[in-house]
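# Summary of structural features
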Amino acid sequence: MMDVLANLWLGLGVSVEPMNLVYCFLGALIGTLIGVLPGLGPTATVALLLPITFYLPPVGALIMLAGIFYGAQYGGSTTAILVKLPGESSSVMTCLDGNAMARQGRGGVALATAALSSLFAGCVTTLVIALAGPPLAGMALAFGPSEYVALMLVGLIGAVTLAHGSVVKAVAMILVGLLLSMVGTDVNSGQMRFTFDIPQLYDGLDFVPLAMGLFGLADIIINLEETEGRGIDPSPVHRLWPSLRDFKDAWPAAVRGTALGALLGILPGGGATLSAFSSYALEKKVARDPSTFGKGAIQGVAGPEAANNAGAQASFIPMLSLGIPSNAVMALMVGAMMIHGITPGPQIMTKQPDLFWGMIASMLVGNVMLVVLNLPLIGLWVRLLRVPYAYLFPAILVFCCIGTYSLKNDVFDVLLMAGFGVFGYVLKKLECEPAPLLLGFVLGPLLEENLSRAMLLSQGDLTVFVTRPISAGLMAVAVGLLALILLPAFRRQREVAFKE
Amino acid sequence: MTHTLRSPRSAASRLRSPQDLAAGLLLSALALGGLWLARGWEAGSLAMMQAGFFPRLVCYLLLAAGLATLVRGLTAEGPATLAWAWRPSVAITVAVIAFAALLDRLGLVLAILALIGIGGLAGRPLRPGPFTALWATLATSCIAIFSWGLGLPLQIWP
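## With respect to the overall build of chain B
Scanning chain B for helices and strands turns up six helices and zero strands. From first element to last, N terminus to C terminus, chain B shows the α and β order α-α-α-α-α-α. Counting all 158 residues of chain B, 34% fall into the buried class. At a minimum sequence separation of 6, the contacts of chain B that also span at least 24 residues come to 65%.

## Side note on the overall build of chain A
Within chain A, the secondary structure is distributed over 21 helices and two strands. Expected size for 500 residues packed as a compact globule is a radius of gyration near 23 Å; at 22 Å, chain A falls within 12% of this value. Based on the C-alpha atoms only, the size of chain A along its principal axes is roughly 65 × 55 × 50 Å. Of all 500 residues assigned to chain A, the portion counted as buried reaches 63%. Considering only intrachain contacts with a sequence separation of at least 6, the fraction spanning at least 24 residues in chain A is 80%.

## A word on helix α5 (residues 108-120) of chain B
For α5 of chain B, built from 13 residues, the straight-helix expectation of 18 Å at 1.5 Å per residue is met to within 8% by its first-to-last C-alpha distance of 17 Å. Buried within α5 of chain B we find L108, A111, I112, L115, I116, I118, G119 and G120 of chain B. The inward-facing, buried residues of α5 of chain B contact α16 (389-408) of chain A together with α4 (86-106) and α6 (128-149) of chain B.

## Describing the packing of helix α2 (residues 18-35) of chain A against helix α15 (residues 353-385) of chain A
Residue and element names in this part refer to chain A. Packing of α2 against α15 brings their axes to within 9 Å, and their N-to-C directions diverge by 45°. Comparing the axis directions of α2 and α15 gives the class oblique. Both α2 and α15 take part in a crossing whose hand is right-handed. Where α2 approaches α15, its residues N20, C24, F25, A28, L29 and T32 are matched on the opposing element by S362, V365, G366, M369, L370, L373, N374 and W381.

## What about the interface of chain A and chain B?
Counting residues at the interface gives 53 residues for chain A, matched by 55 residues for chain B. Elements that contribute at least two residues to the side of chain A that touches chain B include exactly α7 (167-181), α8 (207-227), α16, α17 (411-429) and α18 (434-457) of chain A. When residues in the side of chain A that touches chain B are grouped by element, the largest group, twelve residues, is from α16 of chain A. For the side of chain A that touches chain B, the residue count by class is 36 nonpolar, ten polar and seven charged.

## Points about the environment of F194 of chain A
Tracing the backbone through its elements, the reader meets F194 of chain A in the loop between β2 (192-193) and α8. Between the C-alpha atoms of F194 of chain A and M319 of chain A, which are 125 residues apart in sequence, the distance is 29 Å. Among residues more than four places away in sequence, those in contact with F194 of chain A are M182 and V183 of chain A together with L37 of chain B.

## A closer look at the confidence of the model for chain A
If pLDDT is low for a region, its predicted coordinates should not be looked at in detail. Residues of chain A with pLDDT of at least 70 account for 93%, and the chain-wide mean is 84. The secondary structure element of chain A with the lowest average pLDDT is helix α21 (residues 488-499) of chain A, at 59, and the one with the highest is α17 of chain A, at 94.

## Some details on the nonpolar core
A general tendency of soluble globular proteins is for nonpolar side chains to be buried together. With 219 residues, the main nonpolar core has L62, V96 and L115 of chain B as its most contacted residues. The dominant element in this core, judged by the number of residues it contributes, is helix α5 (residues 92-141) of chain A, at 23 residues. Here this core spans two domains, and each of domain 1 (2-75) and domain 2 (86-149) of chain B adds at least three residues to it. Discounting residues that sit within four places of it in the chain, V96 of chain B has contacts with L217, C401, V414, M417, A418 and G421 of chain A together with L115 of chain B.

## Concerning α6 of chain B
Spanning 22 residues, α6 of chain B covers 30 Å between terminal C-alpha atoms, matching the ideal 32 Å at 1.5 Å per step. Buried within α6 of chain B are the following residues: L134, W135, L138, C142 and F146 of chain B. Those residues of α6 of chain B hidden inside the fold are in contact with α16 of chain A together with α5 of chain B. Where α6 of chain B ends, the next residue or the one after it, G151 of chain B, has phi of about 70°, a positive value.

## Describing the packing of helix α13 (residues 328-339) of chain A against α18 of chain A
Residue and element names in this part refer to chain A. For the pair α13 and α18, interaxial distance at closest approach is 9 Å and the crossing angle is 35°. The handedness of the crossing between α13 and α18 is left-handed. Residues A328, A331, V334 and G335 of α13 pack against A435, L438, L439 and V442 of α18. Among the residues making up the contact of α13 with α18, the classes are represented as seven nonpolar, one polar and no charged.

## Overview of unusual backbone geometry
All names here are of chain A. For F196, which is not glycine, the phi dihedral falls at a positive 50°. For F196, the location among the structural elements is in the loop between β2 and α8. Residue Q459 is not a glycine yet carries a positive backbone phi of 55°. Note that Q459 resides in the loop between α18 and α19 (464-467).

## A look at the environment of E431 of chain A
Within the fold, E431 of chain A resides in the loop between α17 and α18. Through-space distance from the C-alpha of E431 of chain A to that of G165 of chain A is 7.3 Å; in sequence the pair is 266 residues apart. Every residue in contact with E431 of chain A, bar those within four places of it in the chain, is listed here: G165 and K169 of chain A together with Q19 of chain B.

## Description of the environment of A170 of chain A
By the element assignment, A170 of chain A lies in helix α7. Note: C-alpha distance between A170 of chain A and S90 of chain A (80 residues apart in sequence) is 18 Å.

## What about the confidence of the model for chain B?
Residues and elements named next belong to chain B. Summing up the model confidence of chain B, the mean pLDDT is 86 and the portion of residues at 70 or higher is 89%. Across residues 1-13, confidence stays below pLDDT 50; counting only partners more than four residues off in sequence or on other chains, it has eleven contacts. The ipTM, which scores confidence in the relative placement of chains, is 0.89 for this predicted complex, and the corresponding pTM is 0.83.

Cut-offs used in this document
- Residues numbered from 1 in each chain as written.
- Chains lettered and ligands numbered in written order.
- Predicted model: local features only at pLDDT ≥ 70, side-chain atom pairs only at ≥ 80, totals over all residues.
- Helix = DSSP H or I, 4+ residues; strand = E, 2+ residues; numbered from the N terminus.
- Buried ≥ 20, exposed ≤ 12 C-beta atoms within 10 Å, placed from the backbone.
- Contact = placed C-beta atoms within 7 Å.
- Rg over C-alpha atoms; globule rule 2.2 N^0.38 Å.
- Expected span 1.5 Å × (residues − 1).
- Axes fitted to C-alpha atoms, helices over the stretch in contact; angles between N-to-C directions.
- Parallel < 35°, antiparallel > 145°, perpendicular 65-115°, else oblique.
- Left-handed = near helix turned anticlockwise from the far one by under 90°.
- Nonpolar A, V, L, I, M, F, W, Y, C, P; charged D, E, K, R; others polar.
- pLDDT = per-residue confidence, 0-100.
- Core = buried A, V, L, I, M, F, W, Y, C linked by C-beta atoms within 7 Å.
- Domains from an automatic or database assignment.

Encoded structure:
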């Protein structure tokens, strides 16, 4: 315990350095600014803003990215509440009661509840990360290649469980991601794979054009198709502060949501969405009058908001300590770390303690900053929501293009992004989710390397995955998850949950 | 084509789920393409994997998933519409390609003009006044952030 406090203290020292505070502030501000724009979810926001962090020192860049992530998450709940547009599946639950509250003129209260629940959840979860990260990383040091393969399988199958729609298509999307990750020169043999003799592809596909095309450009096309370029009308905001009664109703829900989120977020493939769904279900179960849900119950905002924030933040645990991203946003974070020459995994905690603990402490700072920043600025965000899409999407377009170009000063990446934009639109039309693809893309090289190493060590004996205890345990989890997906009862519930 | 697919389904002879069918075809095509490209790469054995092993493994699995989706498209009921929004998809793509083509030749300011000019056709085009204002704002802020702020070697004027 003392260790944790000492480490957090070290981290706080790093995160309150003036420049890092500035990065954190800027990240949270820009993150909210972009995240609040309708039709841009947290994944798209982080993808869009990745390039501006490339020029910062690694610690600053990660702190800023984390800030962007919280900001985007918070901005997402603002759009969910005021215009019933969830940027991402994790804020779908907030839409239900949050927007109902807004339509009753209690939008300000809903926003404040969301902000305060998120703050509470964020602070608690930061402590959980500080406590759970090091032991997990210690365990990870005992991991051999077969354990890593098993762990990645758990993560990938977890991602499938949470994708919308067909399970087979989600698996296929992971496989397409793996396929894309092979583009480039094979490190072991020097064999060129899927490069089509294009020199720019010899080093592999870049992450930024892929993510920006799939999430930025494709989203623009889809939004234009769905709204035909029309704007949307947000609900007005009157009173901001929750009354004493609201507060009394909301806080137990926020506590339960935080606990659920912190627990479920640690699971590979878990994270924000699952946490928010479970929290909403739980609140509805324990409520004295479940019929108020969907009609503006404040618990229906406080619980899921706390849960999705806790879950989103807890998903940093497997990412930082094991190097395994559990969702698309974490995959983006891993991509960003790699660009800075940092390989996420158990080593960073010991080799770069200032980076690791600085980032964790900055989560605390970032969460506080977010609330301080957002409550006074809600009026501004609401006005931003009114910006017509006809102005908005050209701006996003310009930012996508120049952001991608800035990566290597090469227009090839911009063309690549255009291609992935069309591909992303095709996938959307065929109801294939791009998020598992991104996860597969990031995990691909790691999976191939560890699979071949595990097989080399065991001389081609596949039983190695079930004879080593940790790997066997992880495999059991993977099989359990698969069985869960195939169970009819769970399937039905999953469909219902995504429909709502 | 889209018209017949969109009309209410009555006859059993019609495709049950064109969406799944198309997804299955696309996935299978990707898998077969990957296998064809990987045909010359050595696969090695399980104990000594070579460059061709993982691609083949992934492609075979992808083929299986593609065929499963294909079969479901033929047998199970599913969403029928396959409407494609030509205007936004083509306008956005052409706009980005134009930006890429012009950036190194004519500089950032004109490339942005092409990007938002062509891209604007994807939605409801702005009137000349607001359009010019948007162009000026975007060009200035891009130059400020990327050229002055981040020190990117950008060609700004032709």
